[in-house]
Amino acid sequence: MVGGRNDDQGHYTSWHFRHEERLMQSRDYPKMDAHKKEHKRFILQIQDIQRKFEQGDKSAPSKLNVLVKIWLSNHILHIDNQLAAFLLYDGQSV
Ligand SMILES: [Fe+2]
């Protein structure tokens, strides 16, 4: 991840996304395509920040912090929660 820290967070994020996407696929989640696009967009944004860091952009770590905060408050609290409700209630509440 940005700043030379180990890559455990990146591996966990990839594993988490794959896990969610397998669940969506197996349960025929109606919002799967949009959800997967959000995952892909987040990964591309992380990769862009990583590239900028490697090119010497000293603001890259703070950009990563902002991106993760936005991700937490948007994707996880809303989009992932919709998926969780769908999975828990077999699609009846989404
Ligand atoms: Fe997700």
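Preceding this section is the structure that the text describes.
All figures in this text were calculated on a predicted structure; none of them were measured in a lab.

1. A short note on the overall build of the chain
- Across its full length, the chain carries three helices and zero strands.
- Along the chain, helices and strands appear, N-terminal first, in the series α-α-α.
- Across the chain, the fraction of contacts at a sequence separation of at least 24, relative to all contacts at a separation of at least 6, is 51%.

2. Quick word on helix H3 (residues 60-88)
- At histidine 75, H3 shows its maximal kink, close to 35 degrees.
- Following H3 by one or two positions, aspartate 90 has its phi on the positive side, about 55 degrees.

3. Some thoughts on helix H2 (residues 32-54)
- The end-to-end C-alpha distance of H2 is 33 Å, a good match for the 33 Å that 23 residues give at a rise of 1.5 Å each.
- Phi turns positive, to about 100 degrees, at glycine 56, one or two residues after H2.

4. Re the packing of H2 against H3
- At a minimum axis separation of 11 Å, H2 and H3 run at an interaxial angle of 170 degrees. Here H2 is positioned roughly antiparallel relative to H3, judged by the angle of their axes. Every residue of H3 that contacts H2 at His35, Glu38, Phe42, Gln45, Ile49, Lys52 and Phe53 is listed here: Ala60, Lys63, Leu64, Leu67, Trp71, His75, Ile79 and Leu83.

Conventions and cut-offs
- Residues numbered from 1 in each chain as written.
- Predicted model: local features only at pLDDT ≥ 70, side-chain atom pairs only at ≥ 80, totals over all residues.
- Helix = DSSP H or I, 4+ residues; strand = E, 2+ residues; numbered from the N terminus.
- Contact = placed C-beta atoms within 7 Å.
- Bend = angle between axes of the 7 residues up to and from the residue.
- Expected span 1.5 Å × (residues − 1).
- Axes fitted to C-alpha atoms, helices over the stretch in contact; angles between N-to-C directions.
- Parallel < 35°, antiparallel > 145°, perpendicular 65-115°, else oblique.

That's the geometry; what it means functionally is another story.
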